[in-house]
Amino acid sequence: RRGSQPAAPFRRALQPDGDEEAPGAEEDESFARAPKNYLWVSIFACFCPAYPVNIVAFVFSLMALNSYTQGDIEGSKRLGHIALLVAIAAILIGLVMIGILCAVHFTTVSTTCSFPVGDFMSRVGSCPCTASYCAGLGNQ
């Protein structure tokens, strides 16, 4: 601890004016950590079946990345936050869509004949199975 105490007065003595910041302060600010653009979250959202919404999340994420490269830190933070919210919405919409599709798929009864007819239909003209036969195929 004693070695760190004398460093502060020497730094102040070496500065031309006491009110100015340390010479490394501007460099530290320029190398500040980049705001999150949530690119990976938006890419993951693109695998969910909510296509207009997840593409919007991806675009906002790319806009956040572009804003950071142009030096607009606040704009990058704002666009990154919007990308996160839209990506979460896309994931939730996708999960709801998958749930609805599974519910519809597993709760509906097929009314089509599943008898392998091939060219049998051309010879007979109609499906040989009855409704009871088709219902029996589902039980096997």
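Remember, it's a predicted structure, so these values are computed and weren't measured experimentally.

Visitor: Can you explain the environment of Ala 89? Please cite residues and give values.
Guide: By the element assignment, Ala 89 lies in helix α5 (residues 73–107). The exposure class of Ala 89 is partly exposed, given its relative accessible area of 30%. In the structure, Ala 89 is positioned 36 residues away from Val 53 in sequence and 7.7 Å away in space, judged by C-alpha atoms.

Visitor: Which residues make up the side chain of Ser 61, and what values go with them?
Guide: Summarising the element assignment, Ser 61 is placed in helix α4 (residues 51–69). Apart from residues lying up to four places away in sequence, Ser 61 is in contact with Asn 37, Tyr 38, Leu 39, Ser 42 and Ala 83.

Visitor: So what about the nonpolar core? Which residues, and what values?
Guide: Counting seven residues, the largest nonpolar core is built from Ala 45, Cys 48, Ala 57, Val 86, Ala 87, Ala 90 and Ile 91. It is α5 that contributes the most residues to this core, four residues altogether. When neighbours within four sequence positions are excluded, Val 86 is seen to be in contact with Val 53, Val 56 and Ala 57.

Visitor: With reference to specific residues and values, describe the packing of α4 against α5.
Guide: With their axes 8 Å apart at the nearest point, α4 and α5 run at an angle of 165° to one another. The orientation of α4 relative to α5 falls into the category roughly antiparallel. Along this stretch, α4 crosses α5, giving a crossing that reads as left-handed. Counting all contacts with α4, which are made through Val 53, Asn 54, Val 56, Ala 57, Phe 60, Ser 61, Met 63, Ala 64, Ser 67 and Tyr 68, the residues of α5 involved are Ile 73, Gly 75, Ser 76, Leu 79, Gly 80, Ile 82, Ala 83, Val 86, Ala 87, Ala 90 and Ile 93.

Conventions we followed
Residues numbered from 1 in each chain as written. Predicted model: local features only at pLDDT ≥ 70, side-chain atom pairs only at ≥ 80, totals over all residues. Heavy atoms only, no water. Helix = DSSP H or I, 4+ residues; strand = E, 2+ residues; numbered from the N terminus. Buried < 20%, exposed > 50% of the residue type's maximum accessible area, 1.4 Å probe, protein only. Contact = heavy atoms within 4.5 Å. Core = buried A, V, L, I, M, F, W, Y, C linked by side-chain atoms within 4.5 Å. Axes fitted to C-alpha atoms, helices over the stretch in contact; angles between N-to-C directions. Parallel < 35°, antiparallel > 145°, perpendicular 65-115°, else oblique. Left-handed = near helix turned anticlockwise from the far one by under 90°.

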